[in-house]
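# Commentary on secondary and tertiary structure
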Amino acid sequence: DKLKNSLNKTRKSFTEKIEQLVVGYADIDDDCLDELEEILISADVGIKTTMKLMEDVRLGIRKKEINSPEDLRPFLIKRISEILITGENTTVVAAAPPTIFLVIGVNGVGKTTTIGKLARYYKNQGKSVMLAAADTFRAAAIDQLQIWGQRADVDVIAHEEGSDPAAVVFDAVQAAIARKTDILLIDTAGRLHNKSNLMEELNKIYRVIKREVPAAPHETLLVLDATTGQNAIHQAELFTKTAPISGVVLTKLDGTAKGGVVIGIKSQLSMPVKWVGVGEGEDDLQPFIAEDFAKALFE
Ligand code: GDP
């Protein structure tokens, strides 16, 4: 299937190398453990998570749960699955419409595309959807969102380039309430060259939403690009300053060997991965199901 295919490269750089430890080493010695550590780090699992996993492996050896290199793979599948599966990752739905999604992230990570895909996903479920173009900094961003809106046949609330993003959001929230729209998806700016302004702008948007609908945003989704590996983790740390993030959308899992970053995001940041992007098309977004991901990674 699509998820499994999208993880082909990650599987090559990660799972297959772990399997090769069995060929390379007769016993679990220091060299074997060093190599395992290197595999985990180069798969973008992250230093902290790698250290944690290595500690678990050493404990497993002491407890005789791991007796030979053959035992490493099943042990890691189990541990990584446990890491991925812990915690809540269901998507929140409002008691009364609209359910408001604030979508944030750096330019180029796939924010607009993700919003287009989410619009399609919820339309397919029979829900009414509205988009808000709150990245008013770039005319191209507004155009892009309009195109996705047409494609999914949903309303788009947009002002002109350079206008106040918080005003767009205010209008969109009002319109979604008036039209009883089920899902409002808000696109935002992601220019990183002026970080503090951006963070302030996002925080203002967040406050405008909260003022109008106290229970919202029901989801604040941070979009991260899997191909950037550990940089994605740094971005996540930056964006926590703008609003409480309820989940991560990890895009571009297809074609990267850095899919291990899912494990790092889950164990290092207390943010659940809720969706994964597995291609550029409008159907290439999947709810993240940890069991399926762990299976697709190892089988
Ligand atoms: P934004 O600046 O964050 O809004 O990013 P865009 O939505 O414009 O996406 C930037 C590029 O990434 C576009 O070329 C998208 O087609 C591409 N993209 C987005 N999501 C995915 C994905 O899951 N897989 C792949 N392969 N490409 C993606």
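Everything numeric here is computed off the predicted structure, so don't read it as measured data. (Residues numbered from 1 in each chain as written. Predicted model: local features only at pLDDT ≥ 70, side-chain atom pairs only at ≥ 80, totals over all residues. Heavy atoms only, no water.)

### Some points on the overall build of the chain
Put simply, the test is: Strands here are runs of E lasting at least two residues and helices are runs of H or I lasting at least four, both read from the DSSP assignment and numbered beginning at the N terminus. Radius of gyration: over C-alpha atoms. The globule rule applied is 2.2 Å multiplied by the number of residues raised to the 0.38 power. Residue burial is assigned from relative accessible area. The probe radius is 1.4 Å, only protein chains are included, and a residue is buried under 20% of its type maximum, exposed over 50%, and partly exposed in between. Whether two residues are in contact is decided by their heavy atoms, any of which lying within 4.5 Å being enough. Areas reported here follow the Shrake-Rupley algorithm with a probe of radius 1.4 Å; residue values treat only the protein chains shown as occluding. The charge count includes Lys and Arg as positive and Asp and Glu as negative, but it does not include His or the ends of the chains. The location of each charge is read from NZ of Lys, CZ of Arg, CG of Asp or CD of Glu.
Regarding its fold elements, the chain presents 13 helices and eight strands. Computed over the C-alpha atoms, the radius of gyration of the chain is 21 Å, within 12% of the 19 Å expected from 2.2 N^0.38 for a compact globule of 299 residues. Seen through its principal axes, the chain has C-alpha atoms that stretch 65 × 40 × 35 Å. The 299 residues of the chain split such that 54% are buried. Taking the contacts inside the chain whose residues are at least 6 apart along the sequence as the reference set, 75% of them involve residues at least 24 apart. Within the structure as shown, the chain displays about 13,100 Å² of accessible surface, and the carbon and sulfur contribution to it stands at 49%. Of the charged side chains in the chain, 36 are positive and 43 negative; the average position of the first set lies 4 Å away from that of the second.

### Considering the UniProt feature "domain: Signal recognition particle SRP54 helical bundle" (unreviewed entry) in the chain
Rule in force here: UniProt positions are given in the numbering used here, feature names are shortened, and annotations may be inferred rather than shown by experiment.
The residues that UniProt annotates with the feature "domain: Signal recognition particle SRP54 helical bundle" (unreviewed entry) are residues 3-84. Along residues 3-84 the backbone is 76% helical and 0% strand, and the end-to-end C-alpha distance reaches 16 Å.

### A short note on the UniProt feature "domain: SRP54-type proteins GTP-binding" (unreviewed entry) in the chain
According to UniProt, the "domain: SRP54-type proteins GTP-binding" (unreviewed entry) feature falls on residues 98-299. Taken end to end, residues 98-299 comprises 43% helix and 20% strand; its first and last C-alpha atoms sit 40 Å apart.

### A look at the packing of aromatic side chains
Worth spelling out the cut-off: Planes of paired rings set the category: under 30 degrees apart is stacked, over 60 is edge-to-face and the rest tilted, where pairs are Phe, Tyr or Trp rings (Trp by its six-membered ring) whose centres lie within 6.5 Å.
Applying the stated criterion across every chain yields a total of six aromatic pairs. Taking the centre distance of 4.8 Å and the plane angle of 85° together, the rings of Tyr121 and Trp275 count as edge-to-face. In this pair, Tyr121 is assigned in helix 7 (residues 111-124) and Trp275 in strand 7 (residues 273-277), connecting sequence segments 154 residues apart. You can call Trp275 buried: its relative accessible area is 2%. Ring geometry for Tyr122 against Trp275: centres 6.4 Å apart, planes inclined by 70°, an arrangement best described as edge-to-face. Within this pair, whereas Tyr122 is found in helix 7, its partner Trp275 is found in strand 7, the two being separated by 153 residues in sequence. The residues Tyr122 and Trp275 share a single accessibility class, namely buried. Among the aromatic side chains, those forming a connected cluster through ring pairs are Phe101, Tyr121, Tyr122 and Trp275.

### Looking at the sheet that holds strand 7
Heads up, the rule is: Strand pairing is assigned whenever DSSP detects at least two bridges linking the two strands. Orientation is described by axes fitted as lines to C-alpha atoms, over the contacting stretch for helices, and by angles from 0 to 180 degrees between their N-to-C directions.
The eight strands lie next to each other as 3-2-4-1-5-6-7-8, forming an open sheet whose pairing is mixed. Taken across any chain shown, the strands that pair with only one partner, and hence form the sheet edges, are strand 3 (155-157) and strand 8 (285-287). Pairwise comparison of adjacent strand axes, ignoring direction, gives a mean angle of 25° for this sheet. With three bridges connecting them, strand 2 (residues 129-134) and strand 3 associate as parallel partners. The partner of Ala132 across the bridge, within strand 3, is Ile157.

### Points about a negative patch on the surface
Cut-off, in case you're wondering: Note that patches include only residues with greater than 30% relative accessible area and no salt bridge, and the join distances are 9 Å for like charges and 5 Å for nonpolar side chains (Val, Leu, Ile, Met, Phe, Trp, Tyr). Each reported salt bridge corresponds to a side-chain nitrogen of Lys or Arg within 4 Å of a carboxyl oxygen of Asp or Glu.
The grouping of Asp27, Asp29, Asp30, Asp31, Asp34, Glu35 and Glu38 at the surface amounts to a negative patch. Looking at where Asp30 falls in the secondary structure, it is placed in helix 4 (residues 30-42).

### Structural notes on the pairing of strand 1 (residues 99-104)
For strand 1, a buried count of six out of six residues is recorded, marking the element as mostly surrounded by other parts of the structure. The pairing of strand 1 with strand 4 (residues 183-188) spans five bridges and is parallel. Looking at the pairing, Val103 lines up with Asp187 of strand 4. Across four bridges, strand 1 lies against strand 5 (residues 219-225) in parallel orientation.

### Section: the nonpolar core
What counts is decided by this rule: Here, nonpolar core refers to any group of buried Ala, Val, Leu, Ile, Met, Phe, Trp, Tyr and Cys residues whose side-chain atoms link them within 4.5 Å.
If you look at the biggest cluster of nonpolar residues, it comprises 100 residues, and the most contacted ones within it are Phe14 and Leu250. In terms of residues, this core owes the most to one element, helix 10 (residues 195-212), which gives seven residues. The residues touching Leu250, leaving out its near neighbours within four places in the chain, are Leu224, Asp225, Ala226, Val261, Val262, Ile265, Val273, Trp275, Val276 and Gly277.

### Quick notes on the packing of helix 9 (residues 165-178) against helix 10
Here is the rule: Angular relationships are summarised with four words: roughly parallel below 35 degrees, roughly antiparallel beyond 145, roughly perpendicular across 65 to 115, and oblique for the angles in between. What makes a crossing left-handed is the near helix being turned counterclockwise from the far one by less than a right angle; a clockwise turn instead makes it right-handed.
The geometry of helix 9 relative to helix 10 is characterised by a closest axis approach of 9 Å and an angle of 25° between their N-to-C directions. If you check the angle between helix 9 and helix 10, you find them roughly parallel. Seen from above, helix 9 lies across helix 10 with right-handed handedness. Counted together, Pro165, Ala166, Val169, Phe170, Val173 and Gln174 of helix 9 and Glu201, Lys204, Ile205, Val208, Ile209, Arg211 and Glu212 of helix 10 form the full contact between these two elements.

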